Each structure stands twice: as structure tokens, then as C-alpha cells.
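Descriptive structure summary
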Amino acid sequence: MTPPNYPIPGRLNICLALLVVSLCAALLWASGQVQSWWAVALIAVIYGFVMNTGYALCHEAEHDIFHANKKVNDVGGAVVTLFFPASFQLRRQGHLGHHARNRTDDEAFDLYFEGENPVWKYVQFYGILTGFFWLMIVISNFIAVINPKWLAMKTNLDRPTAALQETLNPKYFRLIQLEALLVFLLHCSMIYFFKIPILRYFAVLFGFGFIWSTLQYLHHYGTPRDVQKGAWNVRTWRIFDLIWLNHHWHLNHHLSPTVPWIYLPDLQSEEAKPVPFWKAYFRQWRGPRFTLERVSN
């Protein structure tokens, strides 16, 4: 439940969501009209920034703080997440699981333990930094459309994947399947009616996918092994705080996950001193480290 002294800015969030959806559709249309790949690259960068605002809105909806009305909250989150493109309910379960598993052995991507394959940990971690994390989420749409139960089939790939699969709620499988189907209907329709060449379409979406993915772990790399305190507040220019809806105030969010985005910079805690953005971003490229410290979920 949202604390009463932090009311949800529902109308603002709806306006932002409508703006994001309109701009994303317009940018995809424009990618089919321009003549040069330089123009496509520019559109991809713009789409990346716009949809990162969209992701921040999806993130609010995942925590039920996009709108006070539950139905509006979920529909708003689902519509914006179509431009990720992904299932909102699947993203929500993965993200709420992240809050439960953060910095435990079940979710410490920057660490590997005795008995684990360090090569795979490096592949997995640099995959996060280079956009493959986003690509795996996109691929999950294909699985979800065919049979969402396959998403929960146990694998021996790694511990974080197994932990995620164990927490997927079968109650939402039909809804996940429907949302994945809507992803295909929407994007295939845009490709067809906007006459977007396939390579241009993927280039534009990857503009978002790379930016989103490469920033996903900078808030957690090297943080304390604590579920709530295992995050950084990251200091950046005010314009980027506005674009990301204060998502870089990430420690404040983990300490108070039911507080809407507009209040996060005002929250205070002893551990909340911000880390400079470029310092947080580049140090994660050091890659995973070996540790003997174990933290159970």
C-alpha cells in the first residue's frame, strides 16, 4: 500500500504513458520513411530514451504505483510494456522477484561461487551489459505465445534462472500468453502498415534494448549483500532523472518500493549518498568476481 503522505501521481503518469506510446509509434513509423541509416540510428537513440521513460512507467505499474485504480494501473502498465516489447505480467513477476532475491546467491550477477563456471558468469554478465538481456526477454514472447508453462520448466542453466522460474505464478500464465499475443499483433501490424523494413525495425528497438540493458545492473554492481540495501543511488544530470523518472535513485526505491517516483530524491537515509553515474557505469565492466561469501534468500 502506498503511504498516505506519498500520493500516486496517477493523472501525470497516464499523460506520460500516452505521450510515450504516441512517440514510440511515431518513431517506428518514421523509421520506414527515412532514406539513410544515419537517420535510422538517430531514431533508434531517440526511441531508446523515450521507451526508457516507458520502462520507468512500467516499473511503477509493477509496484502498483502507476495509478491508484488497480485496473487502470495494470492496463496502463500492459499497454506501455507492449513497446518494450514484452508481457507486463511476466515483467512484473520477474521484477518483484528481483526485490525478493536482490544480492542473495539467487541473484548476484556480478559474483560467482565455488563450483560455478566462471566463463558462463562472464558471458551472462557481459550479455546484460551489451543488450542480450533485453533480447532474451523479447524471445520469451515466442515461448509465452506457444505455451507459457515452458517459461517455468526447470533448467540447470544457472541459479538465478532457476530462482526466477520457481517464482512464476501459474495463475497468470493465460494473461501472459494474451499479452505476448498482443505484442505480436501490434508489432506485426506496425511493420506491415508503416512499411518498416525488418532490419530497420530491429535496429530501432535495439536502440532501446541496448540502453536499457546496459544500465540494468549499474545500480547493484558491488553493492552490499543485502536484499534492501544492496543498491546505489546514482547521481546524474537532472534531465536524465526526468527521463528515467528518478529510476537512478535506486537505493531509495529498494528501501521504499511503494513510494512513487516523484518523491524518491527527497527520501533520506544514511546509506543514500549518490554515486557518480560514470563511476557506477564503467566499474561494472570489470565483470564478475569470485567470492566465498554466501547469502541465502
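Everything that follows concerns the structure shown earlier in this document.
Because the structure is predicted, anything quoted here is derived from the model rather than measured. (Residues numbered from 1 in each chain as written. Predicted model: local features only at pLDDT ≥ 70, side-chain atom pairs only at ≥ 80, totals over all residues. Heavy atoms only, no water.)

1. A look at the nonpolar core
- Within the largest apolar cluster, 39 residues are counted, with the highest numbers of intra-cluster contacts made by Leu28, Tyr47, Met51, Phe84 and Phe208.
- Elements with a contribution of two residues or more to this core: α1 (10–31), α2 (37–62), α3 (70–81), α6 (132–146), α8 (173–193) and α9 (198–214).
- In terms of residue count, α2 provides more of this core than any other element does, 10 residues in total.
- Counting 9 residues, the second-largest nonpolar core is a separate cluster that includes Leu215, Leu218, Trp244 and Phe277. (Core = buried A, V, L, I, M, F, W, Y, C linked by side-chain atoms within 4.5 Å. Buried < 20%, exposed > 50% of the residue type's maximum accessible area, 1.4 Å probe, protein only. Helix = DSSP H or I, 4+ residues; strand = E, 2+ residues; numbered from the N terminus.)

2. Quick look at the pattern of salt bridges
- One pass over the structure, following the stated rule, counts 11 salt bridges.
- The closest approach of N and O atoms between Asp64 and Lys70, which form a salt bridge, is 2.9 Å.
- Judged by its relative accessible area of 43%, Lys70 is partly exposed.
- Arg103 is paired through a salt bridge with Asp110; the nearest N and O atoms lie 2.8 Å apart.
- One continuous salt-bridge network, built from bridges that share partners, spans Asp64, Lys70, Asp74 and Arg92. (Salt bridge = Lys/Arg side-chain N within 4 Å of Asp/Glu carboxyl O.)

3. Notes on empty space enclosed by the protein
- One pass over the structure, following the stated rule, counts 1 cavity of 30 Å³ or more.
- Estimates place the volume of the largest cavity at around 60 Å³.
- Residue lining of the largest cavity: Ala56, His59, Glu60, Trp244, Leu245, Asn246, His247, His250, His253, Trp261 and Leu264, and that is the complete set.
- Of all the secondary-structure elements, those providing two or more residues to the lining of the largest cavity are α2 and α11 (250–255).
- With 3 residues, α2 is the single largest residue contributor to the lining of the largest cavity.
- Its residues assigned to classes, the lining of the largest cavity comprises 5 nonpolar, 5 polar and 1 charged. (1 Å grid on protein atoms, 1.4 Å probe; cavity = no way out; pocket = protein on both sides within 12 Å on 5 of 7 lines; lining within 4 Å. Points joined across faces, edges and corners; volume = space filled by probe spheres on them. Nonpolar A, V, L, I, M, F, W, Y, C, P; charged D, E, K, R; others polar.)

4. Concerning the packing of aromatic side chains
- As enumerated under the stated definition, the model contains 29 aromatic pairs in all.
- Considering the side-chain rings of Phe84 and Trp212, the 5.0 Å spacing of their centres and the 80 degrees angle between planes classify their relative orientation as edge-to-face. Of this pair, Phe84 sits in the loop between α3 and α4 (88–101) while Trp212 sits in helix α9, and the two are 128 residues apart along the sequence.
- With relative accessibility at 1%, the residue Phe84 sits in the buried group.
- Judged by centre distance (6.4 Å) and plane angle (35 degrees), the rings of Phe208 and Trp212 are tilted. Of this pair, Phe208 and Trp212 both sit in helix α9, 4 residues apart, which is roughly one turn of the helix. (Phe/Tyr/Trp six-rings, centres within 6.5 Å; stacked < 30°, edge-to-face > 60°.)

5. Some remarks on α1
- Compared with the 32 Å implied by 1.5 Å per residue over 22 residues, the 32 Å span of α1 between its first and last C-alpha is a close match.
- On its buried side, α1 packs onto α2, α3, α8 and α9. (Expected span 1.5 Å × (residues − 1). Contact = heavy atoms within 4.5 Å.)

6. Considering the environment of His63
- Relative to the helices and strands, His63 resides in the loop between α2 and α3.
- Judged by its relative accessible area of 12%, His63 is buried.
- Spatially, the C-alpha atom of His63 lies 7.2 Å from that of Pro257, the residues being 194 residues apart in sequence.

7. Considerations on the environment of Gln124
- Tracing the backbone shows Gln124 in helix α5 (residues 118–130).
- Note: C-alpha distance between Gln124 and Asp158 (34 residues apart in sequence) is 9.8 Å.
- Contact partners of Gln124, with chain neighbours within four places excluded, come to Phe109 and Asp158.

8. Thoughts on the environment of Val234
- Within the secondary structure, Val234 sits in strand β2 (residues 234–235).
- According to the relative accessible area criterion, Val234 is buried, its value standing at 1%.
- A C-alpha to C-alpha distance of 7.3 Å links Val234 and His250, two positions 16 residues apart in sequence.
- Setting aside anything within four residues of it in sequence, one finds Val234 in contact with His219, His248, Pro274, Val275, Pro276, Phe277 and Ala280.

9. A short note on the packing of α6 against α8
- Running from amino to carboxyl end, α6 crosses α8 at an angle of 120 degrees, the nearest separation of the two axes being 8 Å. Classified by the angle between their axes, α6 and α8 sit oblique to one another. α6 and α8 meet at a crossing whose hand is left-handed. Listed contacts from α8 to Asn141, Phe142, Ala144, Val145 and Ile146 of α6 are Ile176, Gln177, Ala180, Leu181, Val183 and Phe184.
- Within the contact of α6 with α8, the residues separate by chemical class into 9 nonpolar, 2 polar and no charged. (Axes fitted to C-alpha atoms, helices over the stretch in contact; angles between N-to-C directions. Parallel < 35°, antiparallel > 145°, perpendicular 65-115°, else oblique. Left-handed = near helix turned anticlockwise from the far one by under 90°.)

10. A closer look at the side chain of Lys121
- Secondary-structure assignment places Lys121 in helix α5.
- Once residues lying within four places of it in the same chain are set aside, the contact partners of Lys121 are Ala108, Phe109, Leu111, Tyr112, Glu116 and Pro288.

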